[in-house]
Amino acid sequence: MVCIAAFIILCLVGIFVAFLSIFRRDIGKKYWAVFKKSWGCVGKKVTLQKCETNFKDDVKNSLLSRVILKHPKWVKPLGIAIEVGSVLIVLITIWSLVEAVKALLALWVFGTCNVSQPASCALGAEVCGIDAEEPKNPLEWTGRWFSEWGEIFANIPDRFHSWEVEDYLVEPYSFATKYQDGKPLAMDIFDPGCTVCVQSYRNQKSSGFFDNYNTVLMIYPIQLPDGSYKFNNSDLIAKYMHAADLLDTEYTGQILNRIFTESNDDGIMYQTVLTQATAADAEKILQSWLAEFDMEKRKISELVELAHSEEVDQIMANVKDMVENKIHAKGIPTLLYDGKKHNGLYKAN
């Protein structure tokens, strides 16, 4: 293990030596001689052959040469420490490589390098993550680590899958703007409380995305492992929008547009107003909007009753199943268009 650990360290040091050798070629020559000796030893070890170069002893002797003269009794324990340290260096290196491969595969498959905490991945698309429950003990952590590998491999076919919007519709549904014949379908999966969804929606609107596609709105409030929702009142807003769809109205798109693009008289975004309000106040705001949109009082009462019905609860359960188990979204927003799944923030061209 000592020669392998030394080889790993030499590989890392080589980055700095390469720079220094520009000014001091003798340093580069000395390093290269040691590196070749190290590589020869590692090559033998990898092929299960005996190391002929005695590189392990050279490394240990060079590290212990000063100790032998001053503290002879320390040689044996320090030799053991070097062996243990070498094993740790090799194990950490292997672990790092495995984690790097896992992160890259997850990034390719899901658009995030962290399967369980998608938003924490700096390399992935900007999303409001659908987070998994934090493991409570080492056994759960180990189980989740292996289950993440399983998720990655199970969803690799998604990269080669044709994502047709018609296959992922959940009745009833509505469109971001008025439906127009002849335009292709797209799907926008969003959470009313997600700030990334706001910017994504605005980018879609400003770039003409909604003019080019009949965009289906799939309202998906992110639910936490404990059953609560990630954003306050996002489930209530979703219920009102699903109820509006059940009544076959065109108010869903209007509600969403107001939440994501408009502000109140104090200049506070309506999304912020709703997520900071109590459930009762949020309902009053939504009902006042419906009145502004010229919905009859009788219809508003019917919509409120529907919003709190088992029928809407079942629709929300169907949407959750579709998003998590069939579309395999790891973060919101997620868009489907042109036969592909697009993870995270939509960036206007």
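Structure shown above.
So, how was this worked out
Residues numbered from 1 in each chain as written. Predicted model: local features only at pLDDT ≥ 70, side-chain atom pairs only at ≥ 80, totals over all residues. Heavy atoms only, no water. Helix = DSSP H or I, 4+ residues; strand = E, 2+ residues; numbered from the N terminus. Buried < 20%, exposed > 50% of the residue type's maximum accessible area, 1.4 Å probe, protein only. Contact = heavy atoms within 4.5 Å. Areas by Shrake-Rupley, 256 points an atom, 1.4 Å probe, with all protein chains shown as cover. Disulfide = S-S within 2.5 Å. Polar contact = N/O pair within 3.5 Å; in protein donor to acceptor, adjacent residues only side chain to side chain. Phe/Tyr/Trp six-rings, centres within 6.5 Å; stacked < 30°, edge-to-face > 60°. Pairing = 2+ DSSP bridges. Salt bridge = Lys/Arg side-chain N within 4 Å of Asp/Glu carboxyl O.

The next subject is the overall build of the protein. Secondary structure summary: the protein contains 13 helices and 7 strands in total. Among the 349 residues that make up the protein, the fraction classed as buried is 42%. Within the protein, residue pairs in contact and separated by at least 24 positions form 71% of the contacts whose partners lie at least 6 positions apart. As displayed, the protein offers around 19,500 Å² of accessible surface, 58% of which is attributable to carbon and sulfur atoms.

Attention now goes to the state of the cysteines. Tallied over the entire structure, the rule returns 2 disulfides. Sulfur-sulfur distance for the disulfide between Cys113 and Cys121 comes to 2.1 Å. Measuring handedness by torsion sign, the sulfur bridge of Cys113 and Cys121 sits at about 120 degrees and is right-handed. What makes Cys113 partly exposed here is its relative accessible area of 24%. Here Cys128 pairs with Cys194 through a disulfide, and the sulfurs are 2.1 Å apart. Between Cys128 and Cys194 the sulfur-sulfur dihedral comes to about 90 degrees; the bridge is accordingly right-handed. With a gap of 66 residues between them, Cys128 in strand S1 (residues 128–129) and Cys194 in the loop between strand S3 (185–190) and helix H6 (195–207) connect regions that are remote in the sequence. As far as burial versus exposure is concerned, Cys128 and Cys194 are alike and both buried.

For Thr334, the position within the fold is in strand S6 (residues 334–337). For Thr334, the side chain forms a polar contact with the main-chain oxygen of Gly331, separated by 2.7 Å. Setting aside residues up to four positions removed in sequence, Thr334 forms contacts with Met187, Asp188, Ile189, Ile327, Ala329, Lys341, His342 and Asn343.

Tallied over the entire structure, the rule returns 18 aromatic pairs. Seen in terms of ring centroids, Phe209 and Tyr337 are 5.1 Å apart; in terms of plane orientation they differ by 75 degrees. Their pairing is edge-to-face. A residue pair is termed long-range when its members are at least 10 positions apart, and Phe209 in helix H7 (residues 209–212) and Tyr337 in strand S6 qualify at 128 residues. One exposure class covers both Phe209 and Tyr337, and it is buried.

One open sheet accounts for 5 strands, arranged S2-S4-S3-S6-S7; its pairing is mixed. The two strands at the open ends of the sheet, each matched to only one other strand, are strand S2 (174–175) and strand S7 (340–343). Pairing between S3 and strand S4 (residues 214–219): 6 bridges, direction parallel. If you follow Ala186 over to S4, its bridge partner there is Thr215.

Note on strand geometry: in a regular strand, side chains alternate between the two faces of the sheet. Of the pairings in the sheet, the one linking S6 to S7 comprises 4 bridges and is antiparallel in character. Considered in S7, the bridge of Thr334 is made with Asn343. Counting the residues between successive antiparallel strands, the hairpin from S6 to S7 contains 2 residues, one of them, Asp338, with a positive phi of roughly 55 degrees.

In this section: the pattern of salt bridges. Within the structure shown, the criterion is met by 11 salt bridges. A salt bridge links Lys330 to Glu151; its shortest N-O distance comes to 2.5 Å. Here the residue Lys330 occupies a position in the loop between helix H13 (310–326) and strand S5 (331–332), and Glu151 occupies one in helix H5 (residues 138–154), the gap between them amounting to 179 residues. On the basis of relative accessibility, which here comes to 15%, the residue Lys330 falls in the buried class.

With respect to the helices and strands, the residue Ala279 is situated in helix H11 (residues 279–292). Expressed as a C-alpha distance, the spacing of Ala279 and Leu236, which sit 43 residues apart in the sequence, is 7.5 Å. Leaving out residues up to four positions away in the same chain, Ala279 has contacts with Asn233 and Leu236.

Purely spatial values, then, with no claim about function.
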